[in-house]
Amino acid sequence: MVLIQIFLVFTIIAALIAVEAPSALSSIISLGAVGFGLSIAFLWLGAPDIAITQVVVEILTLVILIRATIGKGVTEIRGNESKTLLIGSLILFGLGSAFFANYLSAFPEFGKSAIDVFSETPSQFYLKFGLEKAGGANVVNDILLDFRAYDTLGEATVLFTAILGAITLLNKDVFFGEGGEK
Amino acid sequence: MSGMSPIVKTVTRWVSPFILAFGIYIALTGHLTPGGGFPGGVIIAGCFVLLTLAYGKEKVDGVFSLKSASVTDSLASLSFLCMGLLGYVFGRGFLNNFIQSGFPGKAFELLSGGNMPIINVAIGFKVGGSLFVVFAYLALFRAIEEE
Amino acid sequence: MLTYLLAFILFAVGLYSVINKRNLIKIIMGIIIMEHAVNAFLILIGYRISGKAPILEKGTSVTEFVNSAMDPLPQALVITSIVISLGVVALMVALAVRLYQHYGTFDITEIRKLRG
């Protein structure tokens, strides 16, 4: 448990560096450190599927960000951030932490999930009948592809829509050359 | 952009088939070991992104064009949908796991889990195809900008 | 409780970046950090002390497995959310690149001034 907290503190420090670093390349690399630290934390939290996904997705995110931004002269945009925004964000932070503290008292304490607290949860059903009804040994994949396959279909649709939006934004100059909308 | 140095090109040529095979393996055995369609698909996309970065857009364009990537994407999502619709014919409803309820495989083996491995591979190719398409568009956009 | 609080602090760092930075790329990075924090919080909810990964092994009985496995439901939700976040990042980067091509800068105050 202390190990998980150490990794979370590491990700917070990396996130602060990513937000405050002056050059674009170093801040993007610090963002990578956030993702990789979280992936190790996921491994300790008993979620190897998510650790694999996190590592791979983080690599592609970094490649996309670096390809899109390096060499555009964007590295130094600093200074005169407005005071009102800072005060507003501080107020937002206070409100958020108040809400968070309020809701946190309703959660079971760390280390106990809903399975331990309630007698009948969906997770218990999935764990009990995953091998029997869906046939796979990996219960996470049983949930993804059998019990909640609708979710996966909807997720594929959302991904498709996002990619379609990105392509439409980039498309005009690529295929219509100079005559495209400017 | 005409690609990187010969060292990078050689290493990429040797390594990329293994990355592709690893992606397909992760997607295919997702119901037995950690993994599944989503990480497998991102690894497949990563293989082609590596090839594009190492060899440059022009040289790669003949082997896997944007069109073949989008056709792969569409075919994979269509096969996912067909597996769902076949549930009406052979099973109890949409996306019903009809193979598992009809012919249950032996547990802990590759041919268990009914139509889960099929859908996993379909999701893998869908995610890989769409992510590679968006990366290729970004690379093309940048190449045109630099001209 | 402290562990939940750390995930919340990570979220707050991302929120600070989104509200207070003028660079579009920094704003995108703030959104990515917030996504990471939410994913970490969901996984932390499903954690059980001395639990194992929710993958059945040969020879374990099902009742023992139910008593020792992590909560699989948040993991199944997070695995889709991570991949969706990659698609959303691609969309945001495409938007930022188009804005840069149009206005020649990533500074949002400049873009607001130039308008049109």
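Throughout, residues of each chain are indexed from 1 in the direction in which the sequence is written. Here every chain gets a letter starting at A, and every ligand a number starting at 1, in the order they are written. Selection of residues for local features in this predicted model requires a pLDDT of at least 70, selection of side-chain atom pairs for listing and counting requires 80 or more, and totals for whole chains, interfaces and linings are taken over all residues. The side-chain values count all of the structure's non-hydrogen atoms but skip hydrogen atoms and water molecules.

K.L.:
Could you give me a rundown of the confidence of the model for chain B, with the residues and numbers involved?
P.N.:
Where the model shows low pLDDT, its predicted coordinates should not be examined in detail. pLDDT is a per-residue confidence score from the predictor, ranging from 0 to 100. Of the residues in chain B, 95% reach a pLDDT of 70 or more, and the chain-wide mean stands at 86. Elements are defined by DSSP. Helices are runs of H or I of four residues or more, strands are runs of E of two residues or more, and each kind is numbered from the N terminus. Ranking the elements of chain B by mean pLDDT puts helix α3 (residues 57–60) of chain B last, at 74, and helix α1 (residues 6–28) of chain B first, at 93.

K.L.:
Describe helix α4 (residues 83–104) of chain A, naming the residues involved and giving the relevant values.
P.N.:
Each α-helix turn comprises 3.6 residues. Residues three or four places apart therefore point the same way. Expected span of a helix, by definition, is 1.5 Å for each gap between consecutive residues, and there is one gap fewer than residues. With 22 residues, α4 of chain A should cover 32 Å at 1.5 Å per step; its first-to-last C-alpha distance of 31 Å lies within 8% of that length. Within the sequence span of α4 of chain A, burial applies to Ser89, Phe100 and Leu104 of chain A. Relative to the axis of α4 of chain A, the buried residues are bounded by an arc of 35° and lie together on one face. Summarising the geometry of α4 of chain A, the exposed residues directed more than 90 degrees from the buried face are Lys83, Thr84, Ile91, Phe99 and Asn102 of chain A. Throughout, a residue-residue contact means that at least one pair of heavy atoms, one from each residue, lies within 4.5 Å. Residues of α4 of chain A that are buried in the fold lie against α1 (2–20) and α2 (24–45) of chain C. The buried label goes to any residue with under 20% of its type's maximum accessible area, the exposed label to any with over 50%, and the partly exposed label to all in between, with areas taken from a 1.4 Å probe on protein chains only. The arc under discussion is defined with respect to the helix axis, by the directions toward the C-beta atoms.

K.L.:
I'd love a proper account of the layout of surface pockets, names of residues and values included.
P.N.:
As defined here, a cavity is a set of points on a 1 Å grid over the protein atoms alone where a 1.4 Å probe fits but cannot get out. A pocket is an open set with protein on both sides within 12 Å along at least five of seven lines, and residues line them when an atom is within 4 Å of a point. Grid points are joined across faces, edges and corners, and a volume is the space filled by probe spheres set on the points. Here the largest pocket defines a volume of roughly 290 Å³. In terms of lining, the largest pocket is formed by 13 residues, of which the most central are Ile59 of chain A together with Ile19, Ile43, Gly46 and Cys47 of chain B. Listed by contribution, the elements that provide at least two residues to the lining of the largest pocket are α3 (48–69) of chain A together with α1 and α2 (37–55) of chain B. By residue number, the principal contributor to the lining of the largest pocket is α2 of chain B, which donates 7 residues.

K.L.:
An account of the interface of chain C and chain B is needed here, citing residue identities and associated values.
P.N.:
Taken together, the contact between chain C and chain B spans 13 residues of the former and 11 residues of the latter. Throughout, buried area stands for the accessible area (probe radius 1.4 Å) lost by two parts on being put together, summed over both. Buried area between chain C and chain B, summed over both chains or domains, comes out near 1100 Å², and the portion from carbon and sulfur atoms is 87%. When the area that chain C buries against chain B is broken down by residue, the three leading residues are Ile55, Lys58 and Val83 of chain C, summing to 35%. Any carboxyl oxygen of Asp or Glu that lies within 4 Å of a side-chain nitrogen of Lys or Arg is treated as forming a salt bridge with it. Counting across the chain C and chain B interface gives 0 salt bridges. Distance and chemistry together define a polar contact, namely a pair of N or O atoms within 3.5 Å, with one atom able to donate a hydrogen and the other to accept it when in protein, and with adjacent residues in sequence counting only for side-chain atoms on both sides. Here chain C and chain B share 0 residue pairs in polar contact (both at pLDDT 80 or more) between them.

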